[in-house]
2 protein chains.
Amino acid sequence: MATTANEDYIKTIYALESSGQRASTSRIAQRLDVTMASVTGKIKHLAAAGYVRHTPYYGVTLTPKGRKLALHTLRRHRLIELFLVKTLGLRWDEVHADAEVLEHAISDKVLERMYEYLGRPEFDPHGAPIPAEDGSIKELTGVRLSDLPSGARSRVLHVSDADGEFLRYLASIDFTIGTAFTLRDRAPYGGPLRIRIGRRELDIGPDAAERILVCPS
Amino acid sequence: MATTANEDYIKTIYALESSGQRASTSRIAQRLDVTMASVTGKIKHLAAAGYVRHTPYYGVTLTPKGRKLALHTLRRHRLIELFLVKTLGLRWDEVHADAEVLEHAISDKVLERMYEYLGRPEFDPHGAPIPAEDGSIKELTGVRLSDLPSGARSRVLHVSDADGEFLRYLASIDFTIGTAFTLRDRAPYGGPLRIRIGRRELDIGPDAAERILVCPS
DNA sequence: AACAAAAATTAGGCAAGCCAAATTTTTCTG
DNA sequence: CAGAAAAATTTGGCTTGCCTAATTTTTGTT
């Protein structure tokens, strides 16, 4: 029942719900790059199997069973990303696609070995929390860099793993997970944010700032 | 074109050819645990795609293209087995099933990283040679333990990875790849072979001895 | 050589996943 | 609120990969 396709749909629905969006047919279709017809068909199947509740012409919500599968898959994805970075030395911007495939292929046994090998980690290379085996997950209590008040001291908490180019950009300016910095000020009218990291000064565009989660400290 | 199913069929045909058996519909079906009808259908597809030549009512042979795919898949399988043993500490008897799945899922990039991480190894945990990237493979020049003359000094070269129980048995008597030993003698009428390893003496049944490849030295 | 058994193939069907095109429902807009 | 646009669904069709049952070909036996 938990095929590759099913897990991908469930993960997408979970991501939409987590970001406060309605899991509508069109949004699922867009994220998975399939047609709406395919989504409607799959939704019926997932509803019959008890993973989602479906309100026709509105969208779906995960059942507890669906939520559990989503977190199980997310745990696999994030552990695999971390393993690829830590063990094989891949960069944080190039592990997403591999993890997307391997999360459906690796056995529970191998996954638990990876978990132990990595020292029971809590976060993946992008700062995202790794769900526990029981399906519990730590919520990230951060704010968007774009919402940070001027003068605040903070550190980088999380960036999405989905956009490799953005990750390469952040790596190129050495603005990675855990980096401590001070927000000097922001230029008016959508101008860049001026950031100080130790002795180094940095400008970050407002669009980038919206995609970076930070932890005020 | 190189789907999971295709790669599994090609691997099976390669294994049959390598062991000098005709790759007939029935033998392929038996090894893959599918019906002969399924094999006939798949064979037509593989023949049309240029991986095999098909002689109806007789069997198939690999084309150079098919052989290349077989060796490519075998390389992946064996590297993954070794990686699981070396890096994650799995036992040699429990890696086959995982490798069987992962060989179809791991990207070339990750595989090459594993190859480098392992120090460009030449053999898998069961002594089988790992095909090179260009598809070349070292032939094992060994003899079956059952064919070894009495009194010969030798070492364990290779055992098949397919039978976990047999591998556990060999591990339990500490008769693993590379173990040096002397064949004392063999009991008549299909009796056991008496083996000496250092100071230790061991009896090995004739059926087991047929499945162990050794390297006289 | 003739017949039975074994091996192989063909024919027809099913499930998963996808698609395009047609239709229905909802939402938006003037 | 009426009509248009957008969203969702239905219908029918395609491919992969498997199955059972029926048929054909080969092989083995007397």
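The paragraphs below set out a description of the structure included in this document. Treat the numbers as computed from the prediction; the structure is a model and nothing was measured.

## Considerations on the overall build of chain A
For chain A, the count of helices and strands is 8 helices and 8 strands. Expected size for 217 residues packed as a compact globule is a radius of gyration near 17 Å; at 19 Å, chain A falls within 12% of this value. Along the three orthogonal principal directions, the C-alpha set of chain A runs to about 55 × 45 × 25 Å. Taken over 217 residues, chain A has a buried fraction of 47%. Within chain A, residue pairs in contact and separated by at least 24 positions form 60% of the contacts whose partners lie at least 6 positions apart. Only carbon and sulfur atoms are counted for the fraction: they give 52% of the accessible area of chain A, which is about 11,000 Å².

## Structural notes on the nonpolar core
Counting residues in each nonpolar core, the largest one holds 36 residues, and the members touching the most others are I80, I106 and M114 of chain A together with I80, I106 and M114 of chain B. Of all the elements in the fold, those that place two or more residues in this core are α4 (64–88), α5 (96–102) and α6 (108–117) of chain A together with α4 (64–88), α5 (96–102) and α6 (108–117) of chain B. The contacts of M114 of chain B, once residues within four sequence positions are left out, are L88 of chain A together with L79, I80, F83 and I106 of chain B.

## Quick word on empty space enclosed by the protein
Counted under the stated rule, the structure contains 1 cavity of 30 Å³ or more. The space that makes up the largest cavity amounts to roughly 140 Å³. Considering the residues around the largest cavity, the lining is formed by 16 residues, among which F83 and I106 of chain A together with F83, I106 and M114 of chain B are closest to the centre. Contributions of two or more residues to the lining of the largest cavity are made by α4 and α6 of chain A together with α4 and α6 of chain B. Among the residues making up the lining of the largest cavity, the classes are represented as 16 nonpolar, no polar and no charged.

## So, the protein's contact with DNA strand D
Taken together, 22 residues lie near DNA strand D, and S26 and H54 of chain A together with T3, S38 and K42 of chain B sit nearest. Sugar plus phosphate, as a fraction of atoms of DNA strand D within 4 Å of the protein: 77%. A distance of 2.7 Å is found between a phosphate oxygen of DNA strand D and a side-chain nitrogen or oxygen belonging to S26 of chain A. Between a phosphate oxygen of DNA strand D and a side-chain N or O atom of S38 of chain B, the distance comes to 2.6 Å. Mapped onto the surface near DNA strand D, the elements with two or more residues apiece are α2 (25–32) and α3 (36–48) of chain A together with α1 (4–18) and α3 (36–48) of chain B. For the surface near DNA strand D, the residue count by class is 10 nonpolar, 9 polar and 3 charged.

## Brief notes about the sheet that holds strand β3 (residues 143–144) of chain B
All names here are of chain B. The strand order β3-β8-β4-β5-β6-β7 describes an open sheet built from 6 strands, whose pairing is antiparallel. Both outer strands of the open sheet, β3 and β7 (200–204), are each paired with one neighbouring strand and no more. Note: strand β5 (residues 180–186) against strand β6 (residues 193–197), 4 bridges, orientation antiparallel. Residue L183 lies in a different strand from β6, and its bridge partner there is I195.

## Focus on the packing of aromatic side chains
Scanning all chains against the criterion turns up 7 aromatic pairs over all chains. Centroid distance F83 of chain A to Y117 of chain A: 5.7 Å. Interplanar angle 65°. Geometry classified as edge-to-face. With F83 of chain A in helix α4 and Y117 of chain A in helix α6, the pair connects residues that are 34 residues apart, well separated along the chain. An aromatic cluster of three or more residues is present, and its members are F83 and Y117 of chain A together with F83 and Y117 of chain B. R22 of chain A extends its terminal NZ or CZ atom over the ring of Y58 of chain A, reaching a point 4.7 Å from the ring centre. When the ring centre of Y51 of chain A is taken as origin, the NZ or CZ atom of K65 of chain A, which lies over that ring, is 4.6 Å away.

## Notes on the protein's contact with DNA strand C
Taken together, 24 residues form the shell around DNA strand C, and within it T3, S38 and K42 of chain A together with S26 and H54 of chain B come nearest. Within 4 Å of the protein, atoms of DNA strand C come from sugar and phosphate in 79% of cases. A distance of 2.6 Å is found between a phosphate oxygen of DNA strand C and a side-chain nitrogen or oxygen belonging to T3 of chain A. Contact between DNA strand C and Y9 of chain A: a phosphate oxygen at 3.3 Å from a side-chain N or O atom of the residue. Elements supplying a minimum of two residues to the surface near DNA strand C: α1 (4–18) and α3 of chain A together with α2 (25–32) and α3 of chain B. When its residues are assigned to classes, the surface near DNA strand C shows 10 nonpolar, 10 polar and 4 charged.

## Re the pattern of salt bridges
All names here are of chain A. For the coordinates displayed, the defined rule picks out 34 salt bridges over all chains. Here R76 makes a salt bridge to D108, at a shortest N to O gap of 2.6 Å. Here D108 lies in helix α6 and R76 lies in helix α4, a separation of 32 residues in the sequence. Taking relative accessible area as the criterion, R76 reaches 6% and is therefore assigned buried. A salt bridge links R184 to E201; the nearest nitrogen and oxygen atoms lie 3.6 Å apart. Of this pair, R184 sits in strand β5 (residues 180–186) while E201 sits in strand β7 (residues 200–204); the two residues are 17 residues apart in sequence, bridging distant segments of the chain. Overall, R184 belongs to the partly exposed group, its relative accessible area being 42%. You can call E201 partly exposed: its relative accessible area is 40%.

Rules and cut-offs
- Residues numbered from 1 in each chain as written.
- Chains lettered and ligands numbered in written order.
- Predicted model: local features only at pLDDT ≥ 70, side-chain atom pairs only at ≥ 80, totals over all residues.
- Heavy atoms only, no water.
- Helix = DSSP H or I, 4+ residues; strand = E, 2+ residues; numbered from the N terminus.
- Rg over C-alpha atoms; globule rule 2.2 N^0.38 Å.
- Buried < 20%, exposed > 50% of the residue type's maximum accessible area, 1.4 Å probe, protein only.
- Contact = heavy atoms within 4.5 Å.
- Areas by Shrake-Rupley, 256 points an atom, 1.4 Å probe, with all protein chains shown as cover.
- Core = buried A, V, L, I, M, F, W, Y, C linked by side-chain atoms within 4.5 Å.
- 1 Å grid on protein atoms, 1.4 Å probe; cavity = no way out; pocket = protein on both sides within 12 Å on 5 of 7 lines; lining within 4 Å.
- Points joined across faces, edges and corners; volume = space filled by probe spheres on them.
- Nonpolar A, V, L, I, M, F, W, Y, C, P; charged D, E, K, R; others polar.
- Near = heavy atom within 4 Å.
- Polar contact = N/O pair within 3.5 Å; in protein donor to acceptor, adjacent residues only side chain to side chain.
- Pairing = 2+ DSSP bridges.
- Phe/Tyr/Trp six-rings, centres within 6.5 Å; stacked < 30°, edge-to-face > 60°.
- Lys NZ or Arg CZ within 6 Å of the ring centre and 35° of its normal.
- Salt bridge = Lys/Arg side-chain N within 4 Å of Asp/Glu carboxyl O.

These figures capture arrangement, not role.
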